[in-house]
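Structure assessment
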Amino acid sequence: MSSGAHRRSTVAVKESLRELRNQLSLLNHQVSAHLALKDVDLDCLELIARHGPLSPSAVARRAGLHPATVTGILDRLQKGGWIVRERDPEAADRRSVAVRAVRGRNAELFRLYAGMNTAMDELCAGYSEAELALIAGFLQRATSAGHAATGDLAKG
């Protein structure tokens, strides 16, 4: 492939990723609205469900938010029954807490994401295992690049 064609293909991939990011943001906004959560609350809930239990400071770090902001988010999530705060038995400080997602609430999230999950299953059915491995690898590397860029921006 010529360098011009490669450059055009690279631009097309980056544009497609931006469009996908925007579409997923719109989907998450609709899910948040259905659950009466703020978008940032849903983002933090996802982090906690995926990586938890986490300390509030770990949630703040992973979300790139100020700890005071995260306190308000966790208060709303706890009030809504989405998370629980528990003493962290692993911590040296006995006052330390960890937050974890309430498992019984997952069905509500799955229901709201069911249309997208079904569409993704149908889309993936059209690809071979090798193609899916290539796509998954690309997306993981793109995620890592985004994580690094976010870290660089956060450092100032």
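Right above here is the structure, for reference.
Heads up: these notes are all about the structure in this document.

Counting its regular elements, the protein contains six helices and two strands. For the protein, the succession of helices and strands along the chain, N to C, is α-α-α-α-β-β-α-α. The globule rule puts the C-alpha radius of gyration for 156 residues at 15 Å, and the 19 Å found for the protein is more than 25% above it. Looking at the protein residue by residue over its 156 residues, the buried ones come to 18%.

This structure, assessed with the given rule, holds zero aromatic pairs. The ring of tryptophan 82 has arginine 105 sitting right over it, with the charged end atom 3.8 Å from the ring centre.

Turning our attention to unusual backbone geometry. The residue after glycine 52, namely proline 53, is reached through a cis peptide bond having omega 0 degrees. The phi angle at alanine 36 is positive, at roughly 60 degrees, despite the residue not being glycine. As for its position among the elements, alanine 36 is in the loop between helix H1 (3-35) and helix H2 (39-51).

The next point concerns the side chain of aspartate 41. Structurally, the position occupied by aspartate 41 is in helix H2. Within the structure, aspartate 41 has its side chain in polar contact with the side chain of arginine 76 (distance 2.7 Å). Residues within four places of aspartate 41 in sequence aside, it is in contact with Ile73, Arg76 and Leu77.

Here the idea is plain: a probe the size of a water molecule rolls over the atoms and shows the empty space left. Empty space within the largest pocket amounts to approximately 2800 Å³. Considering the residues around the largest pocket, the lining is formed by 50 residues, among which Leu24, Asn28, Glu46, Arg50 and Thr143 are closest to the centre. For the lining of the largest pocket, the elements supplying multiple residues, two or more each, are H1, H2, helix H3 (56-63), helix H5 (106-125) and helix H6 (129-155). Grouping the amino acids of the lining of the largest pocket by side-chain chemistry returns 26 nonpolar, 15 polar and nine charged.

So, about empty space enclosed by the protein. Enumeration according to the criterion identifies one cavity of 30 Å³ or more in this entry. For the largest cavity, the calculated volume is near 30 Å³. Looking at the largest cavity, the residues that line it are Leu45, Ala49, Trp82, Ala101, Val102, Arg105, Asn106 and Leu109. Looking at the lining of the largest cavity, the elements with two or more residues in it are H2 and H5. Each residue belonging to the lining of the largest cavity can be placed in one class, and the counts come to six nonpolar, one polar and one charged.

In this fold, leucine 17 is placed in helix H1. By relative accessible area, which is 29% here, leucine 17 ends up partly exposed. As for leucine 17 and leucine 139, which are separated by 122 residues in sequence, their C-alpha atoms are 9.6 Å apart. Among all residues touching leucine 17, those that are not within four sequence positions of it are Phe138 and Leu139.

What follows covers the packing of H2 against H3. Two numbers describe how H2 lies on H3: the axes approach to 10 Å, and their chain directions differ by 115 degrees. By crossing handedness, the relation of H2 to H3 is classed as right-handed. Contact residues: H2 offers Cys44, Leu47, Ile48 and His51, while H3 offers Val59, Arg62 and Ala63. In terms of residue class, the contact of H2 with H3 is made up of five nonpolar, one polar and one charged.

Here is what the cut-offs are and how they apply
- Residues numbered from 1 in each chain as written.
- Predicted model: local features only at pLDDT ≥ 70, side-chain atom pairs only at ≥ 80, totals over all residues.
- Heavy atoms only, no water.
- Helix = DSSP H or I, 4+ residues; strand = E, 2+ residues; numbered from the N terminus.
- Rg over C-alpha atoms; globule rule 2.2 N^0.38 Å.
- Buried < 20%, exposed > 50% of the residue type's maximum accessible area, 1.4 Å probe, protein only.
- Phe/Tyr/Trp six-rings, centres within 6.5 Å; stacked < 30°, edge-to-face > 60°.
- Lys NZ or Arg CZ within 6 Å of the ring centre and 35° of its normal.
- Polar contact = N/O pair within 3.5 Å; in protein donor to acceptor, adjacent residues only side chain to side chain.
- Contact = heavy atoms within 4.5 Å.
- 1 Å grid on protein atoms, 1.4 Å probe; cavity = no way out; pocket = protein on both sides within 12 Å on 5 of 7 lines; lining within 4 Å.
- Points joined across faces, edges and corners; volume = space filled by probe spheres on them.
- Nonpolar A, V, L, I, M, F, W, Y, C, P; charged D, E, K, R; others polar.
- Axes fitted to C-alpha atoms, helices over the stretch in contact; angles between N-to-C directions.
- Left-handed = near helix turned anticlockwise from the far one by under 90°.

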